[in-house]
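Commentary on secondary and tertiary structure
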Amino acid sequence: MTVHRQRLLWALAPVSMFLLALALAGCAPTPQTTLLPKSDYAARIQGLFELILVIAAIVFVVVEGFLIYTAIRFRKRKGQDLPAQSHGSQKLEIAWTFAPVVVLAIITVPTISTIFATQQPAPADALEVKVMAHQWWWEFSYPSLGIVTGNEMHIPVGKTTSLVMKSNDVIHSFWVPQLAGKRDVFPNRETRITFIPDEPGTYLGQCAEFCGLSHANMRFRVVVHTPEDFQAWVKAQKTPSIAPTTELAKKGQQLFFATPPGCTACHTIDGTQAKGLVGPNLTRIGARGTTAAGTLENTPDNMARWLTDPEAVKPGSKMPNLHLSESDISALVAFLESMK
């Protein structure tokens with residue numbers, strides 16, 4: 001192998017590694033990608049992003065093309081004298097001032113159009129969901145349906161959803177990348193997002209504003225149903241939970257309503273005397289996909305892990321370690337998982 005060829009291979013190695021890493025990254029699961037929009041709101045943002053990306057690529061190619069052409073065309077040659085020197089060109093200065101103005105004007109028009117289109121007030125028949133942000137979990141309530149859930153929002157496909165958001169403590173930011181853009185959530189001011197989901201599925205959301213120790217664990221899910229499935233979900237939520245049938249779950253139910261441990265001081269279960277408002281509403285928690293604000297899959301083992309030491313799962317959690325015995329934890333898990 002010649003020296004020239006070896007140098008060429010060494011020069012191409014970093015480029016090859018970069019392209020390989022780019023290809024492998026594209027194969028990875030992307031549950032929070034913004035590049036696969038599933039609502040009218042997200043599609044508008046994606047369209048604007050693609051337009052600006054194309055314009056930026058054209059500008060890059062033109063500028064770099066002129067740069068490379070100039071470097072080659074006017075390179076110093078052996079025996080060549082210094083070329084004639086000049087200073088200033090009115091035509092060039094007008095051209096490189098006017099060109100950015102045109103580019104910015106092309107970007108400004110669709111940008112403003114997208115902002116106005118995504119800030120329109122919700123229609124009268126929209127499904128309103130009130131979103132309350134807490135350190136570090138999300139509360140979703142449906143005023144027209146009389147339903148409250150924690151860390152899991154359910155909405156129907158094809159229907160306008162209007163989110164009215166507020167924070168209970170510090171500034172947070174609501175973000176479901178595939179459904180809508182980021183929107184800050186404040187303690188003393190309401191903010192809104194209106195969108196129409198266009199495909200059933202489960203979409204991951206995340207607080208996007210640093211809000212304390214467990215900011216990264218302030219997650220949630222948005223489940224988009226078909227209209228029929230959404231009505232079935234509403235009916236299930238409004239139906240009182242079936243009484244536990246196993247002895248272990250019955251023991252857990254008694255323990256839940258006992259003092260101590262005092263679970264009812266912080267949590268609500270609709271249709272019971274549990275009316276606590278400090279922690280998430282636990283009505284039909286057994287049917288949810290996750291627990292601990294989306295940090296754990298909702299399985300008996302993970303529920304037991306959460307009850308054993310909440311701080312170990314979510315640092316800074318307001319859920320205290322009640323130092324429950326293993327038998328009490330097993331009973332509470334059986335009760336909570338029975339509420340489907």
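Structure: see above.
Residues numbered from 1 in each chain as written. Predicted model: local features only at pLDDT ≥ 70, side-chain atom pairs only at ≥ 80, totals over all residues. Heavy atoms only, no water.

Along the chain, Ile171 falls in the loop between β5 (161-167) and β6 (172-175). The spatial distance from the C-alpha of Ile171 to the C-alpha of Ile52 is 30 Å, given a sequence separation of 119 residues. Look past the residues within four positions of Ile171 in its chain and what remains in contact with it is Val185, Phe186, Pro187, Glu209, Phe210 and Cys211. (Helix = DSSP H or I, 4+ residues; strand = E, 2+ residues; numbered from the N terminus. Contact = heavy atoms within 4.5 Å.)

Once that is clear, we can look at the nonpolar core. One finds Trp138, Met153 and Phe174 to be the most contacted residues of the largest nonpolar core, which totals 32 residues. Secondary-structure elements contributing two or more residues to this core are β1 (127-134), β2 (137-142), β4 (152-156), β5, β8 (191-195), β9 (201-207), β10 (219-225) and α4 (227-238). No other element matches β1, which puts 4 residues into this core. Once residues within four sequence positions are removed from consideration, Met153 is found in contact with Val129, Phe140, Tyr142, Leu163, Phe174, Arg221, Val222 and Val223. Ala274, Ile285, Trp306 and Met339 belong to the second largest nonpolar core, which has 20 residues in total. (Core = buried A, V, L, I, M, F, W, Y, C linked by side-chain atoms within 4.5 Å. Buried < 20%, exposed > 50% of the residue type's maximum accessible area, 1.4 Å probe, protein only.)

Here the focus is helix α6 (residues 300-308). Residues of α6 that are buried: Asn302, Met303, Trp306 and Leu307. One side of α6 carries all its buried residues, which in axial view fall inside an arc of 135 degrees. In the core, the buried residues of α6 are packed alongside β11 (290-291), β12 (296-297), α7 (310-313) and α8 (326-338). (Arc of directions from axis to C-beta.)

Closest axis-to-axis distance for the helix α5 (residues 247-256)/α8 pair is 7 Å, and the angle between their directions is 100 degrees. Classified by the angle their axes make, α5 and α8 are roughly perpendicular. Residues Leu248, Ala249, Lys251, Gly252, Gln253, Leu255 and Phe256 of α5 touch α8, and the partners they reach there are Ser327, Asp328, Ser330, Ala331, Leu332, Ala334, Phe335 and Leu336. Counted by class, the contact of α5 with α8 contains 9 nonpolar, 4 polar and 2 charged residues. (Axes fitted to C-alpha atoms, helices over the stretch in contact; angles between N-to-C directions. Parallel < 35°, antiparallel > 145°, perpendicular 65-115°, else oblique. Nonpolar A, V, L, I, M, F, W, Y, C, P; charged D, E, K, R; others polar.)

Before going further, it helps to examine the sheet that holds strand β3 (residues 147-150). Spatially, the 5 strands line up as an open sheet ordered β3-β2-β1-β5-β8, and their pairing is mixed. The strands lining the two open edges of the sheet, one partner per strand, are β3 and β8. Taking the axes of each pair of neighbouring strands and ignoring which way they run, one obtains an average angle of 20 degrees across the sheet. Relative to β5, β1 is paired through 7 bridges, and the arrangement is parallel. Its bridge partner being in β5, Met132 is matched across the sheet by Lys166. Sheet strands in contact with α4 are β1, β2 and β3, and its direction is about 95 degrees off that of β3. (Pairing = 2+ DSSP bridges.)

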